[in-house]
Amino acid sequence: MTFAYLGLGSNVGDRLAQLETAISILNDKDGITVTQTSLIYETDPVGYVDQPQFLNQCIEIQTTLNPKALLKACLDTEQQLHRVRDIRWGPRTLDVDILLYGNQIINEAELIVPHPRMLERSFVLIPLNDIATHVIEPNSNKEIGHLVTPDDSVKQYKI
């Protein structure tokens, strides 16, 4: 059993329902148990900025899936929620990224873990810190809680 951390984001349709449904879908998959969820944050888009704000959340899972099988489960979940990939960093019903997989460093064409832009993104680090403050990010060898910097553009979403 491996602990892994996933980042979820949505900015199309009922954003909150998309996140809740994604967590349910992932938790129902064989080999995945959702063990913690972060608060939900509303954030401005990055990269392609002419789009609605995102809701972002991180989840901790326990999994028996290997990293590639977990990636497939994440991509399948996106497809179930009608993810369309037209514009890089563009609008989406759901985005599910593998942020951390145990303490592994994976650098393959189809999968890089820890997520390659994780340390640059407050919309990932702030919710990740909610559930993984003392988890070590293997590239920096620092706890997540030591990597977070305040960012006024990342606001807790009031449910």
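Here the structure is a predicted model, which means the values were calculated and not measured.

Peer 1: Explain the overall build of the chain here, please?
Peer 2: For the chain, the count of helices and strands is three helices and 10 strands. Reading the helices (α) and strands (β) of the chain from amino to carboxyl end gives β-α-β-β-β-α-β-β-β-α-β-β-β. In summary, the chain has a C-alpha radius of gyration of 14 Å against a globular reference of 15 Å for 159 residues, a match within 12%. Counting only C-alpha atoms and orienting by the principal axes, one finds that the chain spans roughly 35 × 35 × 30 Å. Across the 159 residues that make up the chain, the buried fraction comes to 47%. Restricting to contacts in the chain with at least 6 residues of sequence separation, those with at least 24 account for 67%. In the form shown here, the chain has an accessible surface area of approximately 8200 Å², with 49% of it arising from carbon and sulfur atoms. Measuring between centres, the 13 positive side-chain charges of the chain sit 4 Å from its 21 negative side-chain charges.

Peer 1: Could you clarify how one ought to interpret the state of the cysteines in this entry?
Peer 2: Disulfides are covalent bonds that link the sulfur atoms of two cysteine residues. Tallying each qualifying case throughout the model produces zero disulfides. Between Cys58, a cysteine without a disulfide, and Cys74, which holds the nearest cysteine sulfur, the sulfur-to-sulfur distance is 12 Å.

Peer 1: Please explain the environment of Leu75 as it appears in this structure.
Peer 2: Along the chain, the position of Leu75 falls in helix 2 (residues 67-80). Separated by 20 residues in sequence, Leu75 and Asp95 have C-alpha atoms that sit 8.5 Å apart.

Peer 1: Where do I start with the pattern of salt bridges in this structure?
Peer 2: Overall, the coordinates contain five salt bridges when judged by the stated rule. Residue Arg15 pairs with Glu42 through a salt bridge whose shortest N-O separation is 2.9 Å. Placement of Arg15 in helix 1 (residues 15-28) and of Glu42 in strand 3 (residues 41-43) is noted, with a sequence separation of 27 residues between them. A salt bridge links Lys72 to Asp76; the nearest nitrogen and oxygen atoms lie 2.8 Å apart. One end of the pair, Lys72, and the other, Asp76, are both in helix 2, four residues apart, so they sit about a helical turn from each other. The class of Asp76 is partly exposed, set by a relative accessible area of 25%. What emerges from the salt-bridge pattern is a single network uniting Lys68, Glu108 and Glu110.

Peer 1: Whenever I open this one, the nonpolar core confuses me. Can you help?
Peer 2: Across soluble globular proteins, you tend to see nonpolar side chains buried next to one another. Leu6, Leu8, Ile59, Ile61, Leu70 and Ile98 are the most contacted members of the largest nonpolar core, which has 28 residues in total. Beyond its immediate chain neighbours, meaning those up to four positions away, Leu8 contacts Leu19, Ala22, Ile23, Leu55, Asn56, Gln57, Ile59, Asp95 and Val96.

Peer 1: Sorry if this is basic, but what is going on with the environment of Asn107 here?
Peer 2: Relative to the elements of secondary structure, Asn107 occurs in strand 6 (residues 106-107). Residues Asn107 and Ile25 lie 82 residues apart in sequence; the distance between their C-alpha atoms is 27 Å.

Peer 1: Could you clarify how one ought to interpret the pairing of strand 5 (residues 95-101) in this entry?
Peer 2: Taken residue by residue, a regular strand's side chains alternate between the two faces of the sheet. Within strand 5, six of the seven residues are buried, which leaves the element mostly enclosed by the surrounding structure. Note: strand 1 (residues 2-10) against strand 5, six bridges, orientation antiparallel. Each residue of the ladder has a partner; that of Leu6, found in strand 5, is Ile98.

Peer 1: Honestly, the packing of helix 1 against helix 2 in this entry has me stumped. Any pointers?
Peer 2: Packed helices, taken two at a time, are described by the angle their axes make and the gap between the axes. Contact geometry of helix 1 with helix 2 gives a least axis separation of 10 Å together with a crossing angle of 135 degrees. When the interaxial angle is binned, helix 1 and helix 2 end up oblique. Read as a crossing pair, helix 1 and helix 2 show a hand that is right-handed. Mapping the contact onto sequence places Ala22, Ile25 and Leu26 in helix 1 and Ala73, Thr77 and Gln80 in helix 2. Counted by class, the contact of helix 1 with helix 2 contains four nonpolar, two polar and no charged residues.

Here is what the cut-offs are and how they apply
- Numbering of residues begins from 1 in every chain and follows the order in which that chain's sequence is written.
- Where totals are concerned, whole chains, interfaces and linings use all residues; where local detail is concerned, this predicted model gives features only for residues with pLDDT of at least 70, and gives and counts side-chain atom pairs only at 80 or more.
- To get the side-chain values, all heavy atoms of the structure are used, and hydrogens and water are removed first.
- For helices the rule is a DSSP run of H or I covering at least 4 residues; for strands it is a run of E covering at least 2, with both sets numbered from the N terminus onward.
- This radius of gyration counts C-alpha atoms alone. The globule rule is 2.2 Å times how many residues there are, raised to the power 0.38.
- Only protein chains enter the calculation, and the probe is 1.4 Å; a residue is then buried if its accessible area is under 20% of its type maximum, exposed if over 50%, and partly exposed in between.
- Contacts are assigned to residue pairs that have any heavy atoms within 4.5 Å of one another.
- Areas reported as accessible are Shrake-Rupley estimates using a 1.4 Å probe. Residue values count occlusion only from the protein chains shown.
- A positive count includes Lys and Arg, and a negative count includes Asp and Glu. His and the chain ends are not counted in either.
- Charged side chains are reduced to one point each, which is NZ for Lys, CZ for Arg, CG for Asp and CD for Glu.
- Note that a disulfide, as used here, is simply two cysteine sulfur atoms within 2.5 Å.
- Salt bridges are identified by distance alone: a Lys or Arg side-chain nitrogen within 4 Å of an Asp or Glu carboxyl oxygen.
- Side-chain atoms within 4.5 Å link the members of a nonpolar core, which is a set of buried Ala, Val, Leu, Ile, Met, Phe, Trp, Tyr and Cys residues.
- Think of it this way: DSSP has to see at least two bridges between two strands before they count as a pair.
- In this analysis an axis means a line fitted to C-alpha atoms, helices contributing only their contacting stretch, and an angle means the value between N-to-C directions, from 0 to 180 degrees.
- The scheme is simple: roughly parallel for angles under 35 degrees, roughly antiparallel for over 145, roughly perpendicular for 65 to 115, oblique for anything else.
- Handedness of a crossing is defined here by the sense of rotation of the near helix relative to the far one, left-handed for an anticlockwise turn of less than a right angle and right-handed for a clockwise turn.
- Here the nonpolar group is Ala, Val, Leu, Ile, Met, Phe, Trp, Tyr, Cys and Pro; Asp, Glu, Lys and Arg are the charged ones; every other residue, Gly included, is treated as polar.

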